[in-house]
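# Structural overview
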Amino acid sequence: MSEVKTLEIRNLHVSVEDKEILKGVDLTVNENEVHALMGPNGNGKSTLLAAIMGNPKYTVTEGSIIYDGKDILSMPVNERSVAGLFLAMQYPQEIPGVTNSDFLRAAMNVRSEQPVSLFRFIKAMESTISELQMKEDLAHRFLNEGFSGGEKKRNEIVQMKMLKPSLSMLDEIDSGLDVDAIRIVGDAINSLRKENGMSIIVVSHYERFLELIEPQFTHVLVDGRIVASGGPELAVKIDSEGYDWLYKEYDVVPAAEAEANARKVTSIGTCAVRESVKGASK
Amino acid sequence: MTPLRLNTDIALSEGYSEYEIDSDRNLELTFRASGKCDVFVRIRRADHIRIRSFIEEGAEVSILFWNISEKDAQIDESHEVMKDAKLTIAYGECNSASTKRSTYTALRGTNASALVSSASLVQSKKDYSMNVVNFAPHTHGEIRNYAVVLKTGVLMIDAIGKIVNGARKSESHQTSRALSFEDGQKSTILPELLIDENDVQASHAMSIGRMDEDQLYYMMSRGLSVEQCTSLVSAGYLMPITEVIDNEELRETLRSEMERKIGELC
């Protein structure tokens, strides 16, 4: 185990149902760093996070992911978690019949030699619930069952706070949260960073959330590749100007548009009809 | 704990009572209740048992049958629920032997209600036929089955909710869920609603299958192994049965018994 925990992604190619989504991603995240992943929808941001976590729906066809000196790709999902990775998901699952507290206690116990004492667990759970300003009965409710969108997102952060990962990936954790909740979640993330030097990869469309988390690095994913990297100023520029300047400057086409272009060829008949109708009405 | 070895008529007393069936011969039991009763019946040894119960007007009765018999058992039951009476009946079937059970519940008087439920950790053959019939108006019947089917297990459930003509404003609901972990397992659940009255509410829900892949991924992403996920989810399926009886001490005993079994088998 190395002193400093670093995530190193090299030439990562990832497919979903034989469609290549990531086409060679390189990314290095050191301890204590916060990286923002930007880019238009459908260009691979969530795919990258899911591939790092090990979602079975995503197939890595080429490349490597090393974390803390360990080959992450050869590890099952649960071992990646124990190694310090955490993914706050965009759509957290509902697990009826399993309470939040039973689930979290089991998850905490797999990362310590001795089981966490019930007393310590309850205290930690209570203080985390109040920090995230959730209802007190959270511990006894079934995992995410019947939760509102915002509650589910906050519950992801409750889990993060309890498990104390060394690298957290936040996949649009701020969507579905109102202004106050965004601040609560941001504060909770920052306090854990201060506590354990956690590094973060964050996907977000909201400037307000990024302002809270303060990423030092910005990367733009377009059509499965990181086409531009920079400091916080890059995120600010994208927030005010959008992506069009970037497509021109780096000569790239976003995935959705690339697909639409390809489709145009097959729909030329319709287009021709539309064009002729337009011509006739003139 | 009162042992039951011979044919017996039992007038249930108010509050909590415990019985143990320990018989290798045919046994006939009759329960009568007029008050508020919580009853725990442990089936230690059984062959063929016939059980009848009469839940009298206004009575409120919960009975939990907890099967630990190592011998295959056949159990036939009928329950009569009178006006304004409420019956909750539950079967805990986590033993290794087979069970063939047929249970018939009749909602005889206005405002009668019955919940018939089971939790099974299926290692052999569990074959249940469950009938709840609404004979009177404003009656409420419900069937609820939860099963975790293991490699050697075969589950068959025939769940029938029936509302007769004239039983207006009655309700009949059922939910049956079976969770399996391996390929090639056999579970059969037949939900039936036989409705002969227009002004009623009825519903059924059913699922058979393996644990959802997305749920498994979600739980594993927090560090739990496949085995830990399956045993947590299995416990979630089966544990609620212990809450039928309002007795904290009993609940704890049953929970730890189930936890141990689930830990060993799932």
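The numbers attached to residues start from 1 for each chain and follow its sequence in the written order. Chains and ligands are labelled by the order in which they are written, letters from A for the one and numbers from 1 for the other. In keeping with the model being predicted, local features are shown solely for residues with a pLDDT of at least 70 and side-chain atom pairs are shown and tallied solely at 80 or more, while totals for entire chains, interfaces and linings include all residues.

### Some thoughts on the overall build of chain B
The number of helices and strands found in chain B is three helices and 17 strands. Relative to its length of 266 residues, chain B is compact, with a C-alpha radius of gyration of 18 Å against a globular reference of 18 Å. Counting other C-beta atoms within 10 Å of each residue's C-beta, where C-beta atoms are placed from the backbone, gives the exposure class: buried for 20 or more, exposed for 12 or fewer, partly exposed between. Burial status across chain B gives 47% buried among its 266 residues. Two residues qualify as being in contact provided that their C-beta atoms, derived from the backbone, are within 7 Å of each other. Pairs at least 24 residues apart make up 72% of the contacts formed inside chain B by residues separated by at least 6 positions. The helix and strand labels rest on DSSP assignments: H or I over at least four residues marks a helix, E over at least two residues marks a strand, and numbering proceeds from the N terminus. With the radius of gyration taken over C-alpha atoms, the globule rule is written as 2.2 Å times the number of residues to the power 0.38.

### Points about the overall build of chain A
Looking only at helices and strands, one finds eleven helices and twelve strands in chain A. The buried share of chain A, taken over its 282 residues, is 41%. Contacts spanning at least 24 positions in sequence make up 71% of the contacts within chain A whose residues lie at least 6 apart.

### Topic: the sheet that holds strand β5 (residues 70-71) of chain A
Residue and element names in this part refer to chain A. In this description, strands pair whenever DSSP reports at least two bridges between them. Spatially, the four strands line up as an open sheet ordered β2-β1-β4-β5, and their pairing is antiparallel. Edge positions in the sheet fall to β2 (19-29) and β5, since each of these pairs with one other strand and no more. Bridging between strand β1 (residues 7-16) and β2 involves eight bridges; their strand directions are antiparallel. Bridge pairing in β2 links Val16 to Lys19.

### A few points about the confidence of the model for chain B
Residue-level confidence of the predictor, termed pLDDT, takes values from 0 up to 100. The predicted model of chain B averages 94 in pLDDT, with 100% of residues at 70 or higher. Interface confidence for the predicted complex, expressed as ipTM, amounts to 0.90; the pTM equals 0.83.

### Things to note about the domain arrangement of chain A
All names here are of chain A. These domain limits were set by an automatic method or by a database of domain assignments. For chain A, the assigned domains read domain 1 (7-251) and domain 2 (254-282). Taken together, the contact pairs seven residues of domain 1 with four residues of domain 2. Residue composition of the side of domain 1 that touches domain 2, grouped by class: three nonpolar, three polar and one charged. Three classes are used, and their members are as follows: Ala, Val, Leu, Ile, Met, Phe, Trp, Tyr, Cys and Pro are nonpolar, Asp, Glu, Lys and Arg are charged, and the others, Gly among them, are polar.

### Some points on the environment of Leu85(A)
Residue and element names in this part refer to chain A. With respect to the helices and strands, the residue Leu85 is situated in strand β6 (residues 85-88). Judged by C-beta crowding, with 26 C-beta atoms within 10 Å, Leu85 ranks as buried. C-alpha of Leu85 to C-alpha of Ile200: the two residues are 115 residues apart in sequence and 9.9 Å apart in space. Sequence-distant contacts of Leu85, that is, excluding residues within four places in its chain, are made with Ile52, Met53, Tyr67, Arg80, Pro165 and Leu167.

### Thoughts on the nonpolar core
Within soluble globular proteins, side chains that are nonpolar tend to cluster in buried spots. Only buried Ala, Val, Leu, Ile, Met, Phe, Trp, Tyr and Cys residues enter a nonpolar core, and they are joined through C-beta atoms within 7 Å. Core analysis: the largest hydrophobic core is formed by 152 residues, its most contacted members being Val41(B) and Leu238(B). If we ignore the near neighbours within four places in the chain, the residues touching Val41(B) are Tyr19(B), Ile21(B), Ile63(B), Leu64(B), Phe65(B) and Trp66(B).

### Some points on the interface of chain A and chain B
Accessible area lost during the coming together of the parts is what is often quoted as the interface size. With 22 residues of chain A at the contact, the number on the chain B side is 17 residues. Those elements giving two or more residues to the side of chain A that touches chain B turn out to be α2 (77-82), β7 (95-99), α3 (100-109) and α5 (149-163) of chain A. The residue inventory of the side of chain A that touches chain B, partitioned by class, reads 14 nonpolar, six polar and two charged.

### Let's talk about the sheet that holds strand β3 (residues 34-38) of chain A
Residue and element names in this part refer to chain A. Read across the open sheet, the six strands follow the order β6-β9-β10-β3-β11-β12; overall the sheet is mixed. Edge positions in the open sheet fall to β6 and β12 (225-230), since each of these has one partner strand only. The mean angle between the axes of side-by-side strands here comes to 20°, regardless of whether they run parallel or antiparallel. Angles shown run from 0 to 180 degrees and are taken between the N-to-C directions of axes, each axis being a line fitted to C-alpha atoms and, for helices, limited to the stretch in contact. Packing of helix α1 (residues 45-53) onto the sheet brings it into contact with β3, β6, β9 (167-171), β10 (199-203) and β11 (217-222), and relative to β9 it is tilted by some 145°.

### Here's the deal with the packing of helix α2 (residues 226-238) of chain B against helix α3 (residues 248-265) of chain B
All names here are of chain B. Packing of α2 against α3 leaves a shortest axis separation of 10 Å and a crossing angle of 140°. The angle between α2 and α3 falls in the class oblique. Our pair here, α2 against α3, has a crossing hand that is right-handed. Contact with α2, carried on its side by Ser231, Ser234, Ala235 and Leu238, involves Met258, Glu259, Ile262 and Gly263 of α3 and no other residues of that element. Tallied by class, residues from the contact of α2 with α3 come to four nonpolar, three polar and one charged. Angles are sorted into four bins: roughly parallel if under 35 degrees, roughly antiparallel if over 145, roughly perpendicular if 65 to 115, and oblique for all others. Left-handed describes a crossing whose near helix is turned anticlockwise from the far helix through less than a right angle; right-handed describes the clockwise counterpart.

### With respect to α5(A)
Each full turn of the α-helix corresponds to 3.6 residues, which orients residues three or four apart in the same direction. Residue and element names in this part refer to chain A. Expected helix span is given by 1.5 Å per residue-to-residue step, counting one fewer step than there are residues. For α5, built from 15 residues, the straight-helix expectation of 21 Å at 1.5 Å per residue is met to within 8% by its first-to-last C-alpha distance of 22 Å. Within α5, 13 of the 15 residues are buried, which leaves the element mostly enclosed by the surrounding structure. Once α5 ends, the next one or two residues include Lys164, with phi positive near 45°.

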